[in-house]
Amino acid sequence: MTDMTRRSLVGLGMALPLLGQLSWANEPSPAPAPTRGPVRINYNESPWGPSPAAQAAMREGVSQCGRYPYEAQYRLIDTFAAEHGLDQTHVQVFCGSKLALQHAVMAFTGQRSLVLAEPSYEAASDAAAGRGTAVHFVPLDARHAHDIDAMLSADSTPGLIYLCNPNNPTGTLTPRRDIERLLAKKPTGSVVLVDEAYIHFSDAQSCINLVKDHPELLVLQTFSKLYGMAGARLGLAIGQAPLLQRLETYDGDNVAPAPTLLAGLASLQDRQLIPRRKADNARLRDQTMTWLGERGWRCTASHTNCFMIDLRGPAQPVVERLAKQGVLVGRVWPSWPNWVRVSVGDEHDMQRFREAFAQVTAS
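Residues numbered from 1 in each chain as written. Predicted model: local features only at pLDDT ≥ 70, side-chain atom pairs only at ≥ 80, totals over all residues. Heavy atoms only, no water.

Some points on the confidence of the model for the chain
Note that predicted coordinates carrying low pLDDT should not be read in detail. What counts, and what does not: The predictor rates its confidence in each residue with pLDDT, a number between 0 and 100. A run of DSSP states H or I qualifies as a helix once it reaches four residues; a run of E qualifies as a strand once it reaches two. Both are numbered from the N-terminal end. Any two residues having at least one pair of non-hydrogen atoms within 4.5 Å are treated as being in contact.
With 89% of its residues at a pLDDT of 70 or more, the chain shows a mean pLDDT of 91. By mean pLDDT, the top-scoring element of the chain is strand 6 (residues 191-195) (99), and the lowest-scoring one is helix 1 (residues 3-10) (40). Across residues 1-31, confidence stays below pLDDT 50; counting only partners more than four residues off in sequence or on other chains, it has 56 contacts.

Points about unusual backbone geometry
For the peptide bond that leads from Glu-118 to Pro-119, omega is 0 degrees, which places it in the cis range. Secondary-structure assignment places Pro-119 in the loop between strand 3 (114-118) and helix 5 (123-130). Here the amide bond leading from Asn-168 into Pro-169 is cis, since omega sits at 25 degrees, within 30 degrees of zero. For His-144, which is not glycine, the phi dihedral falls at a positive 65 degrees. Following the sequence through the fold, His-144 ends up in the loop between strand 4 (135-139) and helix 6 (148-154).

Focus: the pattern of salt bridges
Using the following cut-off: In the sections that follow, a salt bridge refers to a side-chain nitrogen of Lys or Arg positioned within 4 Å of a carboxyl oxygen of Asp or Glu. When a residue's accessible area, from a 1.4 Å probe over protein chains only, is under 20% of the maximum for its type it is buried; when over 50% it is exposed; and in between it is partly exposed.
Scanning the model with the defined rule gives 14 salt bridges in all. For Asp-178, the salt bridge identified is with Arg-181, shortest N-O distance 3.8 Å. Placement of both Asp-178 and Arg-181 in helix 7 (residues 176-185) is noted, with a separation of three residues, approximately one turn of the helix. Taking relative accessible area as the criterion, Asp-178 reaches 10% and is therefore assigned buried. Residue Arg-181 is classed as partly exposed on the basis of its relative accessible area, which comes to 28%. Here Asp-203 and Lys-278 are joined by a salt bridge, their closest N and O atoms 2.4 Å apart. Placement of Asp-203 in the loop between strand 6 and strand 7 (217-222) and of Lys-278 in helix 10 (residues 273-294) is noted, with a sequence separation of 75 residues between them.

Considerations on the environment of Ile-238
Residue position: Ile-238 is located in strand 8 (residues 235-238). Since its relative accessible area comes to 0%, Ile-238 is described here as buried. For the pair Ile-238 and Val-93, spaced 145 residues apart in sequence, the C-alpha separation works out to 9.0 Å. With sequence-adjacent residues up to four places away left out, Ile-238 is seen in contact with Phe-80, Leu-86, His-90, Ile-208, Val-211, Leu-217, Leu-218, Val-219, Gln-221 and Leu-244.

Quick notes on the packing of helix 3 (residues 70-84) against helix 9 (residues 258-269)
So the rule is basically this: Angles here are taken between N-to-C directions and fall from 0 to 180 degrees, while the axes themselves are lines fitted to C-alpha atoms, restricted in helices to the stretch in contact. Working rule for angles: under 35 degrees goes down as roughly parallel, over 145 as roughly antiparallel, 65 to 115 as roughly perpendicular, anything else as oblique. In a left-handed crossing the near helix is turned counterclockwise from the far helix by less than a right angle, and in a right-handed crossing that turn is clockwise. Amino acids are sorted into nonpolar (Ala, Val, Leu, Ile, Met, Phe, Trp, Tyr, Cys and Pro), charged (Asp, Glu, Lys and Arg) and polar (every other residue, Gly among them).
Viewed as axis vectors pointing N to C, helix 3 and helix 9 meet at an angle of 25 degrees, and their least axial separation amounts to 9 Å. In terms of their interaxial angle, helix 3 and helix 9 are classed as roughly parallel. Regarding helix 3 and helix 9, the two cross each other, and that crossing is left-handed. The residues of helix 9 that touch helix 3, namely those facing Ala-72, Gln-73, Arg-75, Leu-76, Thr-79, Phe-80 and Glu-83, are Leu-261, Leu-262, Gly-264, Leu-265, Leu-268 and Gln-269. Broken down by class, the residue content of the contact of helix 3 with helix 9 amounts to seven nonpolar, four polar and two charged.

A word on the sheet that holds strand 10 (residues 306-310)
Put simply, the rule is: Each pair of strands is called paired provided DSSP finds at least two bridges between the two strands.
Spatially, three strands are ordered 9-10-12 in an open sheet, and the strand pairing comes out antiparallel. In this open sheet, the two strands that pair with only one neighbour each are strand 9 (298-299) and strand 12 (339-343). Direction of pairing for strand 10 relative to strand 12: antiparallel, over a ladder of five bridges. Looking at strand 12, one finds that Cys-306 is bridged to Ser-343. Helix 10 rests against strand 9 and strand 10 of the sheet, and its axis sits at about 5 degrees to strand 10.

Here's what the structure looks like:
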C-alpha cells in the first residue's frame, strides 16, 4: 500500500476509540493460573500471555472486526516509529515476524544463497530449501556467538545473511560491534537480516538505529515472546522503504487483525511491561541454570527465555523421558545432538522441570 493511500485513509479521521485513554496501562500482571496438564516449556512461549492492558484492547478490538483495521495498523506503525526515531515508511507490520522472515528469503535469495548460523532458528533455511536456494550453514563460534568472519567467507555474493540475535535455541548474544563489522564488510547487494525476536529479554542494544545508515539492513521484532502474543501473530519489519517494498511483492495488502493490532499498541504503551517481565524471566532462568550448574550440568550463556543443556550424551532419550513425566521441553538440533533447549516458564513450570530432570537424569 502506498504512502499516499495510507495518509489518505488516515485523513478520514476515523480515530481509534478509547485506546490511550484507558486506566489499565500500568496495571500489574496477575499471577499465572495454576498449570494443568503437561508443563509446556518447549516453544519459547510466554507463561504470562498478553498483558492485562493488551487483553482489554483485544476485547475492544473485537467490535471493530467488521472493518479493515488500517487505522489501527497505521497508529501502531506511527507509535513504534516515533519511539525509535524512524520515519513511518521504515516500519512494516506482519502477522508474526516469521512471515516477514519467509518473505525476506523469497525476496532476497533464489539465484543467490542464504547464509546463517548453526544451530539457529530454522524458518529461514526451511523457506530457502523449499525453493531450491543454496544454504550455507556456519557453526557458532567458541562463545556460541555468530562467527562473522566465517559467515563472510561462506559465499562471496550471498543474497541474504541471517542472524538471530539473541540466538534461538542457544539464547546467546553476538556483540553489536560484530554485526556492524558484518555490515561494513558484506558484499554490495547482500541483505543482512537481524532477527531480534528475543531482544527484549536481554540488555543488548538493538540494531534498529543502524537502519537509517544501512539500506541493505532489515531488522525484525515480534510481540510473540516477551509481550506474550504468540497466538495473536504480530511482528514488525524495520528497514529502509525500498527494502520493505521488496517484501510487499509477496503480500502487498498485508494487515493484521484489529484485536491483535490494538493489543500491540497497548503493549507498547505499557512502560512497565518489559522491565517487569524481563526481571521475572531472568530470575527464573538464572535460578534454574544455577541449580543445573550445581549438579554438574553445563548450559549456554543465555540472555533470553530459553537456554540449552549439554547432556553429555544423546539428548532425545532425555526429552522423551521428561515427556513421560509431564514436562515438555524443546527439540534437539541435529548439529548439537547432545544438547536440549528448555524454555523458561513460570515458578510452577520450573519447579516441575527441576523435579522431573533430577529424576530422569538419576535413572
